[in-house]
Amino acid sequence: MTANNFDLKEYQRLALDRFSTFLRDTAAMGASIAFYKATNLPFRNAPTVAEGTPYICLRVPTGGGKTLIAAHSIGIAARDFLQTTNPTVLWLVPSTPIFEQTVAALRDETHPYRAALLQAFNRNFTVMTKAEALAMSKADATGGAVVIVSTIQSFRREDDSGKENPEGLKVYEDAGVLMDHFANLTQDQIIPLDLVEGGSRPVYSLANLLKLHRPMVIVDEAHNGRTELSFRTLARFNPSLILELTATPQTEHDPAREKHASNILYSVSAAELKAEEMIKMPIRLTTDADWVKTIGAALDCQKALEEAAKAEQAETGEYIRPIILFQAQSASKDDPTRHTWEKIETYLVDDQRIPKEQIAVHTGPRKDLDAIGDIRSDKCPVRYIITVSKLKEGWDCPFAYVLCSVADQVSPVAVEQILGRVLRMPRAKRKRRDALNQSYAFIVSRSFDTTAQQLRDGLVEGAGFNAMEAAQIIAPQQNLGFAEADASAPYKSDPLPEDAAPVVAAALARLPASVKSRITFDSESSMLTYTGPMTRENRNLLHLALAAVPKVGKAIDRLYAKTNNFQTSAAEEDDKPPFVVPMLGFRKQGELQLFSQEHFLDLPWRLDQCAPSPIATRFRVADNSQTGQIDVGDKGKIEIAFAKKVQGDLAGVIQEPTWSLARLAHWIDLGIAHPDITKPSAIVFITRAIEVLMASGIELQVLARYKYDLRKAMAAMINELRGQREVEQYNALFAANAADFAVSSDLSIIFDEQTYAPNQPYAGATKFIKHYTRLVGDLGSSGEEFDCALHLDRHDKVRYWIRNIDRKKSSFWLQLPHDKFYPDFVAMLTDGRILVVEYKGAHLYESEAVKRQIGSVWAEASGGHCLFCMPTNRNFSLIDKTIG
């Protein structure tokens, strides 16, 4: 992922939060229960790997920054599951180019990947290749985190045909340089290791070294390594956990056919990527049966985009050089008419007079991209890249805007390898010109609809998008049965920017005669007039011709819909007002501020002023506790014992010095996240808590032996104290400062299509008419919440409504003592008032009094402009009563 700063995107943070919670729950209750708690889905053990091994997948579509998530996951796993400051990580990638790219980034002091490791381990970590790991020193292995990056192929003893793999065998060979790692091992440590043939000592191999250190395994692009051979290879290293990252995880589970479904812990949606300005959407598709016309249209598109890019650079200083990716046909001795890369290159050079230096070919014997240092440099002339099946692996250039395919069909592989490259947004930031926020596809085809469906299927199967989102990304407009549009009637557009007249006039003059004869521009009203129904092709031509005009895209799309008499839902209304919702404010020193925890909590929290005595009842030394003990008769106990065994194995590898009170307090503090407490304050409290236990008769060395259980008890006690403090001070604020709450238009959120970011789009058969955006987010197709949404959609006094997405920065929220409260629905009424609805099942209603309290405070502070209600047990008449 290209990044200009080290900040995580919201969806990346949410994915990592889910990963962190899963690991903490796994340590407490086992992977199966932890996964079901997170997803309501059954957990499947990885084949051939030890039962109970946490094995999960984070699904991130193309362009979402999987590798940055992977880099941050290491520190989280070390803290929340492995409970060590020096984990070993085996980071497996699918190919040599991606291996080289990943290693370079992890070693680059300015790169976000390395910044993630620095954040977790300071400088106490090492990044290694497999070749370097084959000679790893014991100081490296035990002195800090070790991240070994490699392809999975180079760790296999045999290839797919069963033949020995010389490169992979090096991992399992006896090597004297690794001898020190195996000195003074206990018998329990030796038992799982491979022994020298006919002897009793361990093989001094990298494979055995990894077994000792119980590596966390990261599998990048996991869909490329899901064979039985790959899983057997992983099992040889006795992994502590396996994290897969991919856009297209395996969802079918059929072990008899070697299909093992991934345990998908979290899925990122295309809407989330769009809201974070990571991808260019939608994809504008044009088809034609003639390959010359198709290429010509793509070239026209590139020229128009380049004009738009120059106008953008003049205003913002950002350099963009739009690039076309041509997908040619493979050569065939039996068919000399095929459109090969040579034929396309010849056509571009001889017929279109394009300079050769602007063309790069990357297929077969030609690997032009390998010779280009930085394709994003303003000194690079390349504007056209020709390939056949795929581009250089690991190649990434957000300047790629246009896919032009003359191939037989658009397959999922082509979408993954080629179309996926045109989705990435330059600098992950929307541009002022709509044309530069979209992608373009020109495909040789006789059927627009068939090709559109192929692209949708490819986005789902090859790029990891949700099927509902793919339908939105590439969706031809259709006449829904209304009266035929008048072929001679003029239709006017929305006004264009007043200062755009010269640009518009010049652009329209360059249009083909068939389009120019239908469209005129009135400089006084700044409106376009189009005669008769507008075709998709003409709409796309207008988009490209006017690409340099800011904010012209919506005007063209509305004109297109108007000329064709298309039915529109609330999401497509031309005059839809902004959906503005006031947030709750609190007056502090005369200034109205967004109400948050800082208004009732003094930070940092002085934890050292709290009594540590409750630790005596929270922590007990279990007489029958034994690190790694496994009850083979109980699956749940096996999985819980797995976590303890991993932690015990890792502790056993490190020869720890004698524990002191200060060292134990520092170790416990490192494993407890407390952003609201200073480190000195936390250390003082933890030290006093340890002293309480020692005063009760437990020796320091015994506490050190059970340090993981002690840290867990300490964290639980701190969380309970934090919760008590938050509730007490929250209630005190409302009791003493109720008059200081208010709402204001200055403190508002605005719902819109761009920033609305559902994690899982609604896929039910019922069509909602009044939902404010095209996608309805995170809503089941049945159930009580669905019925509540349907009631709002059919209510006479509701103009629009929107499904409020939990924990998104673009959503409406109210502050609670411990967290933020995101109500289920927000509605704009026909009289302009705002209604917020939180639906609760009857079994939860009584426990949600604090939400009803803050909702009422928000409504009362608005002076009648805002309304709040919490219906339960399908009593939707409460909504009617609240609206009045």
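Preceding this paragraph is the structure being described.
Residues numbered from 1 in each chain as written. Predicted model: local features only at pLDDT ≥ 70, side-chain atom pairs only at ≥ 80, totals over all residues. Heavy atoms only, no water.

### Section: the overall build of the protein
Rule in force here: A run of DSSP states H or I qualifies as a helix once it reaches four residues; a run of E qualifies as a strand once it reaches two. Both are numbered from the N-terminal end. Note on method: radius of gyration uses C-alpha positions; expected globular size equals 2.2 Å times residues raised to 0.38. Buried, partly exposed and exposed residues are distinguished by accessible area as a fraction of the type maximum, computed with a 1.4 Å probe on protein chains only: under 20%, between the cut-offs, and over 50%, respectively. We call two residues in contact when some of their heavy atoms are within 4.5 Å.
In terms of regular secondary structure, the protein is built from 31 helices and 26 strands. Taking 884 residues into account, the globule formula puts the C-alpha radius of gyration at 29 Å, and the protein, at 31 Å, falls close to it. Evaluated residue by residue, the protein yields a buried proportion of 55% over its 884 residues. For the protein, the proportion of contacts with a sequence separation of at least 24, taken over those separated by at least 6, is 73%.

### Here we look at the packing of aromatic side chains
The cut-off we apply is this: In this scheme Phe, Tyr and Trp rings, the latter by its six-membered ring, pair at centre separations within 6.5 Å, and the angle between planes marks the pair as stacked below 30 degrees, edge-to-face above 60, and tilted otherwise.
Summed over all chains, the structure comprises 30 aromatic pairs. With a centroid separation of 5.9 Å and an interplanar angle of 65°, the aromatic rings of F35 and F43 are classed as edge-to-face. For F35, a relative accessible area of 1% corresponds to the buried category. For F43, a relative accessible area of 10% translates into the label buried. Taking the centre distance of 5.1 Å and the plane angle of 80° together, the rings of F600 and Y730 count as edge-to-face. Pair noted here: F600 is in the loop between β19 (591–594) and α22 (615–618) and Y730 is in helix α27 (residues 707–736), with a separation of 130 residues, a long-range link. The same class applies to F600 as to Y730, namely buried.

### Concerning the packing of helix α24 (residues 661–670) against α27
Note the cut-off: Fitting a line to C-alpha atoms yields each axis, with helices limited to the stretch in contact; the angle taken between N-to-C directions then spans 0 to 180 degrees. Roughly parallel covers angles under 35 degrees, roughly antiparallel covers those over 145, roughly perpendicular covers 65 to 115, and oblique covers all other angles. Here is the rule for handedness: rotate from the far helix to the near one, and if that takes an anticlockwise turn smaller than a right angle the crossing is left-handed, while a clockwise turn gives right-handed.
With their axes 10 Å apart at the nearest point, α24 and α27 run at an angle of 60° to one another. On the basis of the axis angle, α24 is oblique to α27. α24 and α27 meet at a crossing whose hand is right-handed. Side by side, α24 and α27 meet where L664, W667, I668 and L670 of the first sit next to K707, Y708, L710, R711 and M714 of the second.

### Structural notes on unusual backbone geometry
Omega for the peptide link from M281 to P282 comes to 0°, which places this bond in the cis form. Along the chain, the position of P282 falls in the loop between α12 (270–275) and β8 (283–288). Residues L603 and P604 are joined by a peptide bond in cis, for which omega reads 0°. For P604, the position within the fold is in the loop between β19 and α22. A positive phi angle, near 55°, is found at R353, a position not held by glycine. Residue placement: R353 occurs in the loop between α14 (341–351) and β10 (359–363).

### Comments concerning the sheet that holds strand β16 (residues 519–522)
Here is the rule we go by: Only strands joined by at least two bridges in the DSSP assignment are considered to pair.
Strand order in the open sheet formed by 3 strands is β15-β17-β16, and the pairing between neighbours is antiparallel. A strand with exactly one partner marks an edge of an open sheet, and here the two such strands are β15 (490–492) and β16. Here the average twist between neighbouring strands, direction ignored, is 25°. Pairing between β15 and strand β17 (residues 527–531): 3 bridges, direction antiparallel. Within β17, the residue paired with K492 across the bridge is T529. Strands β16 and β17 of the sheet are contacted by helix α18 (residues 501–509), whose axis makes an angle of about 160° with β16.

### Examining the sheet that holds strand β18 (residues 579–588)
Read across the sheet, 3 strands follow the order β19-β18-β20 without closing on themselves; strand pairing throughout is antiparallel. Of all the strands in the sheet, the pair left with one neighbour each is β19 and β20 (741–751). Taken pair by pair, the neighbouring strands of this sheet meet at an average axis angle of 45°, ignoring direction. When β18 meets β19, the two strands line up antiparallel, connected through 4 bridges. Among the inter-strand pairings, G585 is bridged to a residue of β19, identified as L594. Packing of helix α30 (residues 849–861) onto the sheet brings it into contact with β18 and β20, and relative to β18 it is tilted by some 95°.

### Re the nonpolar core
Quick reminder of the rule: Joining through side-chain atoms within 4.5 Å is the link that ties buried Ala, Val, Leu, Ile, Met, Phe, Trp, Tyr and Cys residues into a set, and such a set is a nonpolar core.
Counting 153 residues, the largest nonpolar core has F19, W91, M216, I295, F326 and L348 as the members making the most contacts within it. When residues in this core are grouped by element, the largest group, 10 residues, is from helix α3 (residues 66–82). Residues in contact with M216, not counting those within four places in the same chain, are F19, S73, I74, A77, L82, T88, V89, L90, S240, L241 and L243. Core analysis: the second largest hydrophobic core is formed by 36 residues, I749, L816, I834 and C866 among them.

### Some details on the packing of helix α25 (residues 679–695) against α27
For the record, the criterion: Under the convention adopted here, Pro, Cys and the residues Ala, Val, Leu, Ile, Met, Phe, Trp and Tyr are nonpolar, Asp, Glu, Lys and Arg are charged, and Gly plus all remaining residues are polar.
Contact geometry for α25 and α27: axes closest at 12 Å, N-to-C directions at 120°. If you check the angle between α25 and α27, you find them oblique. Once α25 is placed against α27, the crossing between them reads as right-handed. Here F685, I686, A689, I690 and L693 of α25 lie close against α27, whose contacting residues are L710, M714, M717, I718 and L721. Of the residues that constitute the contact of α25 with α27, the class distribution is 10 nonpolar, no polar and no charged.

Treat this as a map of the structure, not an account of what it does.
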